[in-house]
Amino acid sequence: MSADSVLYVADDTADRVVGARQGALVLAKGDCDNCAAYESQIRRLLEEGQLGDLVVGKIVLNQPGARGFKRANPWLSEVDFLPYTLLYARGEKVDEFATSKGTYLLERAADAGFM
């Protein structure tokens, strides 16, 4: 599966990103300016083709549809900074990091062998 835009996911659709060959799941909140800026930078990278076949999804933690994800990932209570990105390779988490720069996502995805 290849995506050319950021998918908005919830509990019932997060597997579209997590289960992808190469996926990046961005954890965000609806009222987070850094999250919105990060998404904008990711959209630009996707439009320019810089993220290759990386499937990028965003789950908004303070909106309905994220309860199951939060329950299944109790470590979320220790995340101090958003946006927070999880990189997955076919369902296996391979990296995680907090950043608000799209270029850092590009770097980490390359380090994970996604590019």
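The structure we're discussing is the one just above.
Not measured: the values here are computed from a predicted model.

## Looking at the overall build of the protein chain
In step 1: Secondary structure assignment for the protein chain yields four helices and five strands.
In step 2: Ordered by position from N to C terminus, the α and β elements of the protein chain give β-α-β-α-β-α-β-β-α.
In step 3: Rg of the C-alpha trace for the protein chain: 13 Å, near the compact-globule value of 13 Å for 115 residues, within the 12% margin.
In step 4: Overall size of the protein chain, expressed as C-alpha extent along the three principal axes, is 30 × 30 × 20 Å.
In step 5: Looking at the protein chain as a whole, 44% of its 115 residues are labelled buried.
In step 6: For the protein chain, restricting intrachain contacts to residue pairs at least 6 apart in sequence, the fraction spanning at least 24 positions comes to 69%.
In step 7: Accessible surface, the protein chain as shown: approximately 6,200 Å² in total, 44% of it carbon and sulfur.
In step 8: Within the protein chain, one finds 13 positive and 17 negative side-chain charges whose respective centroids are separated by 3 Å.

## With respect to the packing of aromatic side chains
In step 1: Within the structure shown, the criterion is met by two aromatic pairs.
In step 2: Aromatic side chains W75 and Y84 sit 6.0 Å apart centroid to centroid with 45 degrees between the ring planes, which places their arrangement in the tilted category.
In step 3: Owing to a relative accessible area of 25%, W75 belongs among the partly exposed residues under this scheme.
In step 4: Assessed through its relative accessible area of 13%, Y84 is described here as buried.
In step 5: Where F97 meets Y104, the ring centres are 5.4 Å apart and the plane angle is 90 degrees; that geometry is what we call edge-to-face.
In step 6: Judged by relative accessible area, F97 falls into the buried class, the value being 4%.
In step 7: The ring of W75 carries the charged tip of K93 above its face, separated from the ring centre by 4.7 Å.

## Considerations on the nonpolar core
What tends to happen in soluble globular proteins is that the nonpolar side chains get buried as a cluster.
In step 1: Ranked by size, the top nonpolar core spans 18 residues in total, and within it V9, L25, L27, I59, L61, F69 and L86 carry the most contacts.
In step 2: Elements that contribute at least two residues to this core include exactly helix 1 (15-18), strand 2 (23-28), strand 3 (55-60) and strand 4 (84-89).
In step 3: Counting residues per element, this core draws most heavily on strand 4, at three residues.
In step 4: Not counting residues up to four positions away in its chain, the partners in contact with V9 are A14, V17, L25, K58 and I59.

## Observations concerning helix 4 (residues 102-111)
Along an α-helix, residues three or four positions apart point the same way, because every turn accommodates 3.6 residues.
In step 1: Taken residue by residue, helix 4 has G102, L105, R108 and A109 as its buried positions. Down the axis, helix 4 shows its buried residues gathered within 120 degrees of arc, on one side only. Seen from the open side of helix 4, the exposed residues pointing more than 90 degrees away from its buried face are T103 and D111.
In step 2: Check the buried side of helix 4 and you find it contacts strand 2, helix 2 (33-47), strand 4 and strand 5 (92-98).
In step 3: Looking one or two residues beyond helix 4, the residue adopting positive phi is G113, at roughly 85 degrees.

Definitions and limits used
Residues numbered from 1 in each chain as written. Predicted model: local features only at pLDDT ≥ 70, side-chain atom pairs only at ≥ 80, totals over all residues. Heavy atoms only, no water. Helix = DSSP H or I, 4+ residues; strand = E, 2+ residues; numbered from the N terminus. Rg over C-alpha atoms; globule rule 2.2 N^0.38 Å. Buried < 20%, exposed > 50% of the residue type's maximum accessible area, 1.4 Å probe, protein only. Contact = heavy atoms within 4.5 Å. Areas by Shrake-Rupley, 256 points an atom, 1.4 Å probe, with all protein chains shown as cover. Lys, Arg positive; Asp, Glu negative; His and termini not counted. Charge placed at Lys NZ, Arg CZ, Asp CG, Glu CD. Phe/Tyr/Trp six-rings, centres within 6.5 Å; stacked < 30°, edge-to-face > 60°. Lys NZ or Arg CZ within 6 Å of the ring centre and 35° of its normal. Core = buried A, V, L, I, M, F, W, Y, C linked by side-chain atoms within 4.5 Å. Arc of directions from axis to C-beta.

By themselves these figures say nothing about function.
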